[in-house]
Amino acid sequence: MKIAVCPGSFDPATNGHIDIIERSAKLFDEVIVAVLNNPQKQPLFSVEERVEILKKACNSMKNVEIDSFSGLLTEYAKGKKANVIVKGLRAVSDFEYELQMALMNKKLNPEIETVFIMTSSKYSYLSSNIVKEVAKFGGCIRGLVPEIIEDEIYKRFR
Ligand code: PNS
């Protein structure tokens, strides 16, 4: 059984994230989307809200579970019996940071492989931060995030 963990902040989840989760679900028996609980950051959505949003957005994906975690990702993955960490990769600029994390995670637990899925080109410029920036100034974010949170993102900036 190949269980993959797809970790992230997901503040908020974008359609780029949903695309990576959907494609991961076709590659692995089970995908656990794990929302990082990071008390050091001031998020737009609470961890509980992010979990609920992802549950709704991934409702049709039967082998996808949504959860949250704190602490080390490798410890969380081990606890879930996951042998793969799956991450999306956009531009070359992502690579350096992702390589560093993948190598550190490999050092922490050599049994767990990090696998990268290349972004779909239509989402290659997308990030949670850029969505927040555009929404903050009233710009259009239609098609960039799950429809269920579009209005809520604008409300948070009012
Ligand atoms: O969506 P993000 O913010 O790029 O996700 C980053 C995440 C959650 C994958 C990363 O910060 C993480 O794994 N944090 C958990 C702490 C950890 O395990 N750190 C050591 C690996 S470098």
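On a predicted model such as this, the values are computed, not experimentally measured, just so you know. (Residues numbered from 1 in each chain as written. Predicted model: local features only at pLDDT ≥ 70, side-chain atom pairs only at ≥ 80, totals over all residues. Heavy atoms only, no water.)

## Re the overall build of the protein
A count of helical and extended segments in the protein gives six helices and five strands. Helices and strands in the protein line up, N terminus first, as β-α-β-α-β-α-β-α-β-α-α. Summarising its shape, the C-alpha atoms of the protein cover approximately 45 × 30 × 30 Å along the three principal directions. Looking at the protein as a whole, 44% of its 158 residues qualify as buried. Residue pairs at least 24 apart in sequence account for 74% of intrachain contacts in the protein once pairs closer than 6 positions are excluded. (Helix = DSSP H or I, 4+ residues; strand = E, 2+ residues; numbered from the N terminus. Buried < 20%, exposed > 50% of the residue type's maximum accessible area, 1.4 Å probe, protein only. Contact = heavy atoms within 4.5 Å.)

## Considering the site of the ligand
Lining the immediate surroundings of the ligand are Pro-7, Gly-8, Ser-9, Leu-36, Phe-69, Gly-71, Leu-72, Leu-73, Lys-87, Met-101 and Asn-105. A distance of 2.6 Å separates an oxygen atom of the ligand from a polar side-chain atom of Ser-9. For the ligand, an oxygen atom lies 2.8 Å from a polar atom in the backbone of Leu-73. Within the complex, 73% of the 550 Å² of free accessible area of the ligand lies under protein. (Near = heavy atom within 4 Å. Polar contact = N/O pair within 3.5 Å; in protein donor to acceptor, adjacent residues only side chain to side chain. Areas by Shrake-Rupley, 256 points an atom, 1.4 Å probe, with all protein chains shown as cover.)

## Quick look at the side chain of Thr-14
Tracing the sequence through the fold places Thr-14 in the loop between β1 (3–8) and α1 (15–27). Residues within four places of Thr-14 in sequence aside, it is in contact with Leu-126, Ser-127, Ser-128, Val-131, Leu-144, Val-145 and Pro-146.

## Concerning the pairing of strand β5 (residues 113–118)
The sheet contact formed by strand β4 (residues 84–89) and β5 spans six bridges and is parallel. Following the sheet pairing, Gly-88 is matched in β5 by Ile-117. Between the parallel pair β4 and β5, the chain is carried across by helix α4 (residues 92–108), and the sense of this crossover is right-handed. (Pairing = 2+ DSSP bridges. Right-handed = clockwise from strand over helix to strand, strands pointing away.)

## Section: a nonpolar patch on the surface
A cluster of nonpolar side chains, namely Val-92, Phe-95, Leu-99 and Leu-103, defines an oily patch on the protein surface of about 410 Å² accessible area. Within the secondary structure, Phe-95 is located in helix α4. The exposure class assigned to Phe-95 is partly exposed, which follows from its relative accessible area of 42%. (Patch = residues over 30% accessible without salt bridge, like charges linked within 9 Å, V, L, I, M, F, W, Y side chains within 5 Å. Salt bridge = Lys/Arg side-chain N within 4 Å of Asp/Glu carboxyl O.)

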